[in-house]
Amino acid sequence: MGRAAALGGGGGGAPRWLPWLGLCFWAAGAAAGRGTDNSEVLPESIPSAPGTLPHFIEEPDDAYIIKSNPIALRCKARPAMQIFFKCNGEWVHQNEHVSEESLDESSGLKVREVFINVTRQQVEDFHGPEDYWCQCVAWSHLGTSKSRKASVRIAYLRKNFEQDPQGREVPIEGMIVLHCRPPEGVPAAEVEWLKNEEPIDSEQDENIDTRADHNLIIRQARLSDSGNYTCMAANIVAKRRSLSATVVVYVDGSWEVWSEWSVCSPECEHLRIRECTAPAPRNGGKFCEGLSQESENCTDGLCILDKKPLHEIKPQSIESASDIALYSGLGAAVVAVAVLVIGVTLYRRSQSDYGVDVIDSSALTGNSLLLNSAMQPDLTVSRTYSGPICLQDPLDKELMTESSLFNPLSDIKVKVQSSFMVSLGVSERAEYHGKNHSRTFPHGNNHSFSTMHPRNKTPYIQNLSSLPTRTELRTTGVFGHLGGRLVMPNTGVSLLIPHGAIPEENSWEIYMSINQGEPSLQSDGSEVLLSPEVTCGPPDMIVTTPFALTIPHCADVSSEHWNIHLKKRTQQGKWEEVMSVEDESTSCYCLLDPFACHVLLDSFGTYALTGEPITDCAVKQLKVAVFGCMSCNSLDYNLRVYCVDNTPCAFQEVVSDERHQGGQLLEEPKLLHFQGNTFSLQISVLDIPPFLWRIKPFTACQEVPFSRVWCSNRQPLHCAFSLERYTPTTTQLSCKICIRQLKGHEQILQVQTSILESEREAITFFAQEDSTFPAQTGPKAFKIPYSIRQRICATFDTPNAKGKDWQMLAQKNSINRNLSYFATQSSPSAVILNLWEARHQHDGDLDSLACALEEIGRTHTKLSNISESQLDEADFNYSRQNGL
C-alpha cells in the first residue's frame, strides 16, 4: 500500500487526518477536485488571520544508510502549527512522524520539531530518475514553507582499487608520480598516503603534493624518499588499503677529478688515478664509466735503458736491436701471406661445387674470408671473383657472414681480379677497405652494431647506393584565435593548434618542416633514430594551451623491448632529452600509437623520437618496395629494391626520387619486421623466366649487414638488380623478390609487369591521401563541433562524486598514463579532446567518442539495486552524527 493511500486522502484533496484545519469550505472544494495525482495534496497557503510564515530553524540533511541501520531525518520550524514530511513527492503517513512542541521564550512563538525514520528497504524499493529524497512542509496561520530536499543514499565502498600505485626506480632529483584511484563508493572515499606505514603530511613537506586527484607527487626525489608507499581509502562505511608500491631512489656514480701525476718510475711512466666517489653509486645506480687509472711516458721518449740515458747507449747495441726487429717483422709477414694464400685456396675449392651467381655483400668483401667481422667493407663496389661464391639455395642455407678465419687486420686493402670476368669483358676491379669501427650494444646483447660507409659505384651493381635528396619539406599557414590544423601531405606529420591557444586579435604565420638531409641527431651507443626530425615554429611564439604535434615512427611499440625518448634540439644545435614516453611529466605529454606519436607541447622547436633497444626482440618496421625502369641499353631492365623505415615521409622521399629517375612501382609495398638481433638482411631475385630473361652475373642475391639496415634512416637503402632480355620482343616480366632477415621475418614481392610504360598498370603510392590544403583554420579544422566540445568540458572538468570527471573521459579514450599532466591544465577535458583530435584527424570517428560518453553514463547508473552481499563488512565504525 502506498503512503498516500494509507493516509485516507484522495489524490487531489486534503488529507482527512488534518483536524486542525477546520475549514470545511476548503475541504469540500478540494474533495470535489480529487484526481489521481499524489504529488501535491496540501495547499500552498491557507486564508487565516494575520501572522508570520514558518521559518525553519533546522532542515533535513543529506544522509547515508550504513548496512541495514535506518536513518533519522529532522526538521524544526517556528511558528509552526504542523510539520509533515514528503518523500519522493508523496506524503509520509502521520503515524510515521514523531513530533515535539515547545515555546520560544524570546519571541513567544510556537516551535515544532518533527523527525521520521527512513529504512534501507524503502530506498532500495524506490526507482526514480534521481536519488531518494525527503522534504519538510510547515504550516502557520499565514501559509506554508518548504525546507530543502535531503537525499538519502545507501553507503558502500567496494573492495578493489580502480588503480593501485606501481613501484618505480627513479634517479635522484627526478620526479615521482604514484597514481591511486580509490574503490568506487558512496560517499566518495577520502585518500591518505602512507610511507612505511606512517601517514604522509604534505603540509609539512613542500616537496610532496597529495592534492592532485589522489595521486602522490614528489617533485624532486631524495634518497630519503625510498620506501614502501600505500594508498588508503576510507568513507563512513569502510577503509581499504591498496597494494604497496616500492620506490627506489638511486644515484649514478661519477668520477672525481684526476689526481696529480705521480713521479716518473724506473720504467719511464707516471700514473694518475680517480675514484668513483663523487658521488658513489647507491641503491643500484650505475657505476662510473671510463678509466680509473691512466699512464703515459714521462720522458718524451727519452727513456732510460739499464739505468743509462739513451744517448749514452752504444750504437752497436742499437743496430743489433734494430736488426732483430727487422728480421722478426719479415718472418711474421711471410707466415701471414702463406696462411692467407692457403686459406683463400681452400675456401675457393670448398665452394667449387655450387653454380649460382650470388653476392653476399659482407662475405664477398672478405668479411668472412679475410677480415674480422668488426672490419667493414665497401658496400657499393663491383665484386669480381673467379668462381661461384654463394650457396645454391640462399633461402635454405645461411651464408658464412658471422665467422672469421683470421684475427683483425687494420687498414688492409684487398684486390681480387677474376679471369672469368675478364673473359666476359668486365675489367672493373674491386677494392675493399677495412677499418675497425666502434661497437655499440643494446641491453642484454653482446653482438656488434657496426656502421657501414658506402664509397664507390659500378655500372652493374649499385648496392646500397645513396640517392640524391632534398634538404627539407616545408609548409606554412596563418592561424589566429580560432586555431586550426597544419598538415604535411603524405608524410604523417601534422600540427594541431587548439581553439584559444593564440590570444584574440593576434595571428601568427606558423611553419612546419621535415629534415630530409643527413640527420643532425647522431646516434649515441645503441640508440637509433625512429622518426623524422620535425621543426615547427616560430620558436618565439607563446601559446596559452598546449598544441599537438604528430610525428610518425617505425618502432613496433612495446615497453618490454624499447625505451623510446622524445628529444629536442637546442639553439646551440645539440640534442637533449625532453622525456621518456613511459615517464611521468607535467611539462609535456607523449601518447604512442602503433605508427605515430602524438605530443602535447607548449613550445615550438625541432623534435625527434629515438629508441634504445632493451632486448634482441626489439623490432623496427621497414617498408619494402620494388621499382623498375628501362636502362640506357634497350635490352636491360633495372630493378631497385628499397628497405626504408616505415614512415610515410621516408617512403615519400623514395617515391620522389624514383619519379626523377623514371622508375615505376611494380608491387604494393609490404611491411617487414626487422629484429635487433644483429642478423643481416638478404635480398634475392627468384623465378626469373628462362630463355626470356637472364640476370647479370653475380647479382642474383645481395646481403646487407645488420648495422646498415638498423640505421637505414640515414639515407634510403636500396639494392639494384640488372636483368637482360634475350630478344627485344620480350615485353612481359615476372619474378619474385625475396627480402628476409636471417633467422627472422620474410616478405615476398611478386613482380608481374610489362616493361612498356603504355601497357603497365599504375599502383597507388599511398593508401590514404592527406588534404590537398595543408592549412585548415577555424571550426572546419576540427572534428568535434565547438558547442558540443564546450558542453563536454563543462560536464567533465567539474569533479563528480560518481566519478564522471575528466579522468573517466581519459580512460574511455585509452589515456591511462601520466594523468598528472592533465591535472595541471586549466581544462583537463579540453586537452584530452585536443589529443583525440590529433589521433583521429583522418577517420574523425565521432561515433566512437559518442559511444565512450554513453558508456560513462551507463557505468555510473543508480546503485539502488546493489545487494548487501556485495558490500564488505566495515573495517572500522564511525559514530553516528546529527542523530544518524
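Look up: the structure comes first, before these words.
Numbering of residues starts from 1 in every chain and runs along the sequence as written. It should be noted that, the model being predicted, local features are given only for residues of pLDDT at least 70 and side-chain atom pairs only at 80 or more, the latter also being counted only at that level, while totals for whole chains, interfaces and linings use all residues. The side-chain figures draw on all heavy atoms in the structure; neither hydrogens nor water molecules are used.

A. Broad picture of the pattern of salt bridges. One side-chain nitrogen of Lys or Arg within 4 Å of one carboxyl oxygen of Asp or Glu is enough to make a salt bridge. Scanning all chains against the criterion turns up 23 salt bridges. Asp225 is the partner of Arg222 in a salt bridge, and the nearest nitrogen-oxygen pair spans 3.0 Å. For the exposure calls, accessible area comes from a 1.4 Å probe over protein chains only, and a residue counts as buried if that area is under 20% of its type's maximum, exposed if over 50%, partly exposed in between. For Arg222, a relative accessible area of 30% corresponds to the partly exposed category. For Lys620, the salt bridge identified is with Asp645, shortest N-O distance 3.1 Å. One end of the pair, Lys620, is in strand S42 (residues 619–630); the other, Asp645, is in strand S43 (residues 636–645), and 25 residues separate them in sequence. As far as burial versus exposure is concerned, Lys620 and Asp645 are alike and both buried. Overlapping salt bridges, with partners in common, bring together Arg74, Lys76 and Glu113 in one network. Runs of H or I in DSSP of at least four residues are treated as helices and runs of E of at least two as strands, each being numbered from the N terminus.

B. Molecular detail of the packing of aromatic side chains. When the centres of two rings from Phe, Tyr and Trp lie within 6.5 Å, Trp using its six-membered ring, the rings pair. Their planes under 30 degrees apart give stacked, over 60 give edge-to-face, and anything left gives tilted. For the coordinates displayed, the defined rule picks out 15 aromatic pairs. Ring geometry for Trp91 against Trp139: centres 6.0 Å apart, planes inclined by 35°, an arrangement best described as tilted. Of this pair, Trp91 sits in strand S5 (residues 90–91) while Trp139 sits in strand S8 (residues 132–139); the two residues are 48 residues apart in sequence, bridging distant segments of the chain. One exposure class covers both Trp91 and Trp139, and it is buried. Between Phe547 and Phe604 the ring centres are 4.4 Å apart and the planes differ by 10°, which places this aromatic pair in the stacked class. Taken together, the positions of Phe547 in strand S36 (residues 547–552) and Phe604 in the loop between strand S40 (596–601) and strand S41 (605–613) put the pair 57 residues apart, joining distant regions of the chain. This pair shows no difference in class: Phe547 is buried, exactly as Phe604 is. Through pairs of rings, three or more aromatic residues link up here, namely Trp562, Phe674, Phe706 and Trp710. A positively charged side chain is recorded as over a ring if its NZ (Lys) or CZ (Arg) lies within 6 Å of the ring centre. The angle to the ring normal must also be within 35 degrees. Lying over the aromatic face of Trp255, Arg274 brings its terminal NZ or CZ to 4.5 Å of the ring centre. The ring of Phe651 is capped by Lys623, whose NZ or CZ atom sits 5.1 Å from the centre of that ring.

C. Here's a closer look at the sheet that holds strand S50 (residues 732–741). Any two strands with at least two DSSP-identified bridges between them are counted as paired. Strands sit in the order S48-S46-S50-S51 across an open sheet of four strands; the sheet is antiparallel. Taken across any chain shown, the strands that pair with only one partner, and hence form the sheet edges, are strand S48 (701–704) and strand S51 (746–754). The sheet shows a mean angle of 15° between the axes of neighbouring strands, taken without regard to direction. Pairing between strand S46 (residues 681–686) and S50: six bridges, direction antiparallel. Paired with Leu681 across the strands is Gln741, a residue of S50. Axis definition: a line fitted to C-alpha atoms, limited for helices to the stretch in contact. Angles are taken between N-to-C directions and run from 0 to 180 degrees.

D. Just the sheet that holds strand S6 (residues 98–103), in detail. Read from one edge of the open sheet, four strands run S1-S3-S7-S6, paired in antiparallel fashion. Sheet topology places strand S1 (55–58) and S6 at the edges, where each strand pairs with a single neighbour. Strand-to-strand twist of the sheet, defined as the mean angle between neighbouring strand axes without regard to direction, takes the value 25°. When S1 meets strand S3 (residues 71–78), the two strands line up antiparallel, connected through three bridges. If you follow Glu58 over to S3, its bridge partner there is Lys76.

E. Region of interest: helix H8 (residues 786–796). When H8 is considered as a whole, its buried residues turn out to be Arg789, Ile792, Cys793 and Phe796. Taken end-on, H8 shows its buried residues confined to a sector of 95°, consistent with a single buried face. For H8, the exposed residues set more than 90 degrees away from the buried face come down to Arg791 and Ala794. The arc in question is formed by the directions pointing from the helix axis toward the C-beta atoms.

F. Expanded view of the state of the cysteines. Two cysteine sulfurs form a disulfide in these notes if their separation is within 2.5 Å. All told, the structure shown has five disulfides when counted by the stated rule. Each disulfide pairs two cysteine sulfurs, and for Cys87 the partner residue is Cys134, the sulfurs being separated by 2.1 Å. Judged by the sign of its S-S torsion, about 105°, the cystine formed by Cys87 and Cys134 is right-handed. Here Cys87, found in strand S4 (residues 82–87), pairs with Cys134, found in strand S8; they are 47 residues apart in sequence, far enough to count as distant.

G. Region of interest: the packing of H8 against helix H11 (residues 828–839). Between H8 and H11, the least distance of the axes is 8 Å, while the angle of their chain directions is 135°. With respect to their mutual orientation, H8 and H11 come out oblique. Where H8 crosses over H11, the two elements pack in a sense that is right-handed. Residues Arg789, Ile792, Cys793 and Phe796 of H8 form the contact with H11, whose own contacting residues are Ser829, Ala830, Leu833 and Asn834. Here the angle decides the label: under 35 degrees means roughly parallel, over 145 means roughly antiparallel, 65 to 115 means roughly perpendicular, and every other value means oblique. Crossings are sorted by hand: turned counterclockwise from the far helix by less than a right angle, the near helix makes the crossing left-handed, and turned clockwise it makes it right-handed. The criterion used for residue contact is that any of the two residues' heavy atoms lie within 4.5 Å.

H. How the structure looks around the environment of Ser520. Within the secondary structure layout, Ser520 lies in the loop between strand S33 (508–515) and strand S34 (528–529). Taking the C-alpha atoms as reference points, Ser520 and Glu533, separated by 13 residues in sequence, lie 8.3 Å from one another. We call two N or O atoms a polar contact when they sit within 3.5 Å, provided that within protein one can donate a hydrogen and the other can accept it, with sequence-adjacent residues counted only if both atoms are side-chain atoms. A polar side-chain atom of Ser520 sits 3.2 Å from a polar atom in the side chain of Trp575.

I. The arrangement of the pairing of S43 in detail. Burial runs high along S43: nine of the ten residues are buried. Relative to S43, S42 runs antiparallel, the two being bridged by nine bridges. Counted as the bridge partner of Met630 is Tyr637 from S43. Alignment of S43 against strand S49 (residues 717–725), held across eight bridges, turns out to be antiparallel.

J. Local environment of H11. Each helix should span, by expectation, one fewer than its residue count multiplied by 1.5 Å. Its twelve residues place the ends of H11 17 Å apart at the C-alpha level, agreeing with the 16 Å of an ideal helix rising 1.5 Å per residue. Among all positions in H11, only Pro828, Ser829, Ala830, Val831, Ile832, Leu833, Asn834, Leu835, Trp836, Glu837 and Ala838 are buried.

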